[in-house]
Amino acid sequence: MNFINTPLTIKNSTISNRLLLAPMAGLGHIAFRELVSEFGGYGLLFTGMCSAKAVPHENPAVSPVFKWRTEELPHLVCQIFGPDPESMARAARRIEKEGFFGVDLNFGCSVSAICKKGSGAILLKSPDLAVAIVKAVRQAVEIPVFVKFRTGWENNVTPAVDMARRFEDAGAHALVFHPRIAPDRRSRPPVWDHITHVKQAVSIPVFGNGNLFELSDCKKMYKQTGCDGFSMGRMAVARPWLFAQWTRGFVPDEHTAFNAALRMTQLLVKYHDERTAVKSFKKYVPYFAAGFKFGHAICKELLKGDEIREIQDIITSLAAQKPESALRPNLHLFS
């Protein structure tokens, strides 16, 4: 698919292709991003959600989320969440100062703990406030400003289209759109046609998100919606070589998945203490296991490990059994 490898300009910066690593809380950490980087093939990487109130004072040496490698900064976007223009603008200034490619404003997270704080998808119920946040951040920094948002809280695309226009007018340079309503989380399929309406409403790049499991899915989304690119979430966790496979022709073999899992354990220990590393690996396990036909059994085995060395031994043992990969992931294992 030649379109994926077409460069794209966002504000005054150009990315090499149309594939983004989606921002994912608890999954898009520095260790996982390094794993993806070792395979290569991505256009941009995104951090997990960072609290706008915490970012101005965060110490990357100890923060589990506001942490990065210097070499990834030219291709790294930091996602922030917060309830007001002032805190979001302050956080964006710190992000720009550190040298990130861009900043991403989270208006998509529908987890109750985030919404109860007046952040994430709940801001779509307060359009004027959401727009004020975009405007404040845009005025605070010169780096590209992304906005991640959902269809909204009702199965009606009209408010999302209106928000897209208002986000562009407020200064957003690109939109990442997840065509599901907030109460659904992932209980129903994304409505790709909603991406079409959002794309047609604005002149800035629009990246589609939702149920992109194979390269053919990207082709279908592009043909159906005319989107400018694709934001890869859960599938990228299951197959961190996906970007290299789709853009550079990388061909995974029977060792690729388990070697990646072993490398993940090494990278987690590189950046975190043993307890945090084990906890982070267990968040990764269901996504890894979803790539196999008998994923539930693999997931169960890997979750037994309470130390990194023990987990590594389990990975090696499972790899020796040569379990059969699944063409499409087991969605029951994707949380």
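It should be emphasised that the depicted structure is a prediction, and the values quoted were computed from it without experimental measurement. (Residues numbered from 1 in each chain as written. Predicted model: local features only at pLDDT ≥ 70, side-chain atom pairs only at ≥ 80, totals over all residues. Heavy atoms only, no water.)

(A) Region of interest: the packing of aromatic side chains. Counted under the stated rule, the structure contains 17 aromatic pairs. Taking 6.1 Å as the distance between ring centres and 15° as the angle between the ring planes, the aromatic pair formed by Phe66 and Phe100 counts as stacked. With Phe66 in the loop between β4 (45-51) and β5 (76-81) and Phe100 in the loop between α2 (85-98) and β6 (102-107), this residue pair connects regions lying 34 residues apart in the sequence. Each member of the pair, Phe66 as well as Phe100, is classed as buried. Pairwise contacts between aromatic rings join Phe258, Phe281, Tyr284, Phe288 and Phe292 into one cluster. (Phe/Tyr/Trp six-rings, centres within 6.5 Å; stacked < 30°, edge-to-face > 60°. Helix = DSSP H or I, 4+ residues; strand = E, 2+ residues; numbered from the N terminus. Buried < 20%, exposed > 50% of the residue type's maximum accessible area, 1.4 Å probe, protein only.)

(B) Representation of the environment of Thr9 within the structure. Residue position: Thr9 is located in strand β1 (residues 8-10). Taking C-alpha positions, Thr9 is 9.9 Å from Ile204, a pair spaced 195 residues apart along the chain. What Thr9 contacts, discounting residues up to four positions off in sequence, is Thr14 and Pro205. A polar contact of 3.1 Å, which involves the side chain of Thr9, links it to the side chain of Thr14. (Contact = heavy atoms within 4.5 Å. Polar contact = N/O pair within 3.5 Å; in protein donor to acceptor, adjacent residues only side chain to side chain.)

(C) View of the pairing of β4. With 6 of its 7 residues buried, β4 lies for the most part within the structure. Direction of pairing for β4 relative to β5: parallel, over a ladder of 5 bridges. Note on β5: the bridge partner recorded for Leu45 is Leu76. (Pairing = 2+ DSSP bridges.)

(D) Representation of the side chain of Asp84 in the model. Assignment of secondary structure puts Asp84 in the loop between β5 and α2. Of the side chains with opposite charge, Lys53 lies nearest to the buried Asp84, which makes no salt bridge, at 4.8 Å. At a separation of 2.8 Å, a polar atom in the side chain of Asp84 contacts the main-chain amide nitrogen of Ser87. (Lys, Arg positive; Asp, Glu negative; His and termini not counted. Salt bridge = Lys/Arg side-chain N within 4 Å of Asp/Glu carboxyl O.)

(E) Highlighting the pattern of salt bridges. In the structure shown here, the tally under the stated rule is 17 salt bridges. In this structure, Lys270 engages Glu34 in a salt bridge whose closest nitrogen and oxygen atoms are separated by 3.1 Å. Taken as a pair, Lys270 in helix α10 (residues 256-271) and Glu34 in helix α1 (residues 30-39) lie far apart in primary sequence, 236 residues in all. Given a relative accessible area of 51%, Lys270 falls into the exposed group. Note that Arg328 and Glu214 form a salt bridge whose closest N and O atoms lie 2.7 Å from each other.

(F) Highlighting the sheet that holds β4. The 8 strands lie next to each other as β3-β10-β9-β8-β7-β6-β5-β4, forming an open sheet whose pairing is parallel. Each having just a single partner strand, β3 (19-21) and β4 make up the two edges of the open sheet. Along the sheet, successive strands turn relative to each other by an average axial angle of 30°, direction set aside. Where strand β9 (residues 206-209) lies against strand β10 (residues 229-232), 3 bridges are found, and the strand directions are parallel. Residue pairing in the sheet places Phe207 in a bridge with Gly229 of β10. (Axes fitted to C-alpha atoms, helices over the stretch in contact; angles between N-to-C directions.)

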